[in-house]
Amino acid sequence: MKLLKKSILYLIIVSLVFCITACSKAENTRDTAVLPTINAPKSVIYVINKADISDSEYSIVSSLQGLAAQSEAKIYIEDGENMVFLEKYLQENSNIEIKKVSSLQDLINENADLVKNHGCVVFEEGNNCTVNMAFTISGMENWLAVPLSHKADMEKIGFEVKLDLTLKNNGQYTVTQEDIFEKYKDRLNKNLIIHQSPELITLRDYAVAVSAFCFYTDEKDKSQVKFREKVFNWANENAIAFGWSSDELGYVKQASKSAITVIPSDHCSNLSLLSSLEFTQPIRQKNQPENITPQSDKHYIALVMSDGDNVQWYETTIPFREHYYDRVNSANNYKLSWTAPPMMYKLAPTALQYIYDMATDNDRFVCGVSGMGYINPTKYNESALDSFVNESIIAMEKADLQTITILDNSKSTAKLSKALEFYSEKDSINGGLMQIEEKYEALGGKILFSNNKPFISAKHSFWFASENPDEKISKEWIEKFAAQINSLPCDINSENGYSYINIHPWSTSIEDLNYLVSLLDEHIEIVYADELVEMISDNVNN
């Protein structure tokens, strides 16, 4: 009987050990994501102007552009002034010819061999799921994605419809996003996801180029949000979700819980080609931080432009109009720090270097939230957070960014401190900035020290918000904001003597910021964000 009891006990222990081991393995079956490398153009880049094609034709061009990039990127859509992103690269690669084509037909004639068996998959334009399904299939089957309005035209020139996604049964499409995912999930690229609104025509060239799953979910539809969670958990840890969503907070929270990082990019174009371009020299900023010895009669502030995690802003807007463009073209003599997306070193290195080269003598860039992409660190899957930070450090080094900005929607200092340890334990991170909850100023300038490194929350946010949508920012509002800053004390040995001031680009302009700075008293000294972090490290006990 004793022997039987011992045998039973032994079997129970073995079973428990096996169960624990099996569960442990099941929890760690996801690999760590690595962004794919696209081959650069060898001899020619075909350039077609967006002004010469319709939106429906743009979609066909995007599909062809992505198909080309599966072997060699060589199609570029000119839009406004974006040819400048190619110029410096072409100077270093004079063997590459720019061949401009004036129509979709001409582009197809030059590149029809990229399409397998001259096949196409047809989708319906408008606010429906078929366009994303078509581009997923385009990347998988090497067929051309074609809107229904061009189906007959494509058939006339020899293309065969392999799949028509516009077919319906009882008013519902016969093929769903879930069907496409299940069919291809074992072949799709698990390192990135494209979450793109059907109403937009941009970004999908990249989906085709890297064989990514392209889809979109209605935030009000619980079943769709649940499906998105399934996709997120299928992808590799630290995979990037490109595109965007209609619910920023809920979307990023869900992504973070699944160890997915978000890069706002729904209006990006040409990533299939831009991501293939590499310089022979490292990407470098124009200006470097100084070693500043603080003066006892000064209060030190860093003015930091937020929302730099937004790759589409950097690719489509920053160099050509509004905030950064206005800054570069206006007289100024104060330091301004800009958050920037470090993954641009991989996604659009020539664009990032172009923007760095534009900088005035008083502009410097820091890493946008919250590293290689936008996450909420307190919600991020802890098993992946360490590798996320490691990948962030690599991206920051490649993009020449030394100081990190972190965004989170928890103001629990205990939770934040726990998450910050993953950052602060790395030798190359000396501290950083924190944007917390509404308008990023929920912690009121509090500094959290982690491994003796300061992480500074925004004390005030230059962010104009009004319950009246027609109300515009006024000089009186700016003057009140300036008075808040002017009331800050001088104390170089206390956290009270230093302030991170967030500048919100969507509600304020450079003209507004220039006026604010003109109102600051002499005891307010503006420094770069990097300099503020270093000064606090050297002068404030924790």
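Residues numbered from 1 in each chain as written. Predicted model: local features only at pLDDT ≥ 70, side-chain atom pairs only at ≥ 80, totals over all residues. Heavy atoms only, no water.

Turning to the confidence of the model for the protein, a few remarks are in order. Summing up the model confidence of the protein, the mean pLDDT is 93 and the portion of residues at 70 or higher is 95%. This stretch, residues 1-28, has a pLDDT under 50; its non-local contacts, to residues over four places away or in other chains, come to 0 contacts. (pLDDT = per-residue confidence, 0-100. Contact = heavy atoms within 4.5 Å.)

Moving on to the environment of E315. With respect to the helices and strands, E315 occurs in helix α12 (residues 311-316). The exposure class of E315 is buried, given its relative accessible area of 2%. Residues within four places of E315 in sequence aside, it is in contact with F85, C268, S269, L271, L274 and F320. Within the structure, E315 has its side chain in polar contact with the backbone nitrogen of S269 (distance 3.1 Å). (Helix = DSSP H or I, 4+ residues; strand = E, 2+ residues; numbered from the N terminus. Buried < 20%, exposed > 50% of the residue type's maximum accessible area, 1.4 Å probe, protein only. Polar contact = N/O pair within 3.5 Å; in protein donor to acceptor, adjacent residues only side chain to side chain.)

Glancing now at the sheet that holds strand β3 (residues 97-101). The pairing of strands in a sheet comes from backbone hydrogen bonds and takes either a parallel or an antiparallel form. The strand order across the open sheet formed by 3 strands is β2-β1-β3, and the pairing between neighbours is parallel. Unpaired on one side and paired on the other, β2 (75-78) and β3 mark the two borders of the sheet. Taking the axes of each pair of neighbouring strands and ignoring which way they run, one obtains an average angle of 30 degrees across the sheet. Sheet topology note: the strand β1 (residues 44-49)/β3 ladder contains 5 bridges and is parallel. From the neighbouring strand, I48 faces β3, where its bridge partner is V101. Lying on the sheet, helix α2 (residues 55-69) is in contact with β1 and β2; it crosses β2 at an angle near 145 degrees. Along the sheet face, helix α4 (residues 104-111) touches β1, β2 and β3 and points at about 160 degrees away from the line of β1. (Pairing = 2+ DSSP bridges. Axes fitted to C-alpha atoms, helices over the stretch in contact; angles between N-to-C directions.)

Quick look at the pattern of salt bridges now. Inspection of every chain in the model, using the stated rule, returns 18 salt bridges. Notably, a salt bridge pairs E531 with K335, separated by 3.0 Å at the nearest N-O pair. With E531 in helix α20 (residues 529-539) and K335 in the loop between α13 (322-328) and β14 (336-340), this residue pair connects regions lying 196 residues apart in the sequence. Pair check on accessibility: E531 and K335 agree, each one buried. Between E382 and K418 there is a salt bridge, with the nearest N and O atoms lying 3.3 Å from each other. In this pair, E382 is assigned in helix α16 (residues 382-398) and K418 in helix α17 (residues 413-424), connecting sequence segments 36 residues apart. For K418, a relative accessible area of 47% gives the class partly exposed. When salt bridges that share partners are traced, they join E182, K185 and K230 into one network. (Salt bridge = Lys/Arg side-chain N within 4 Å of Asp/Glu carboxyl O.)

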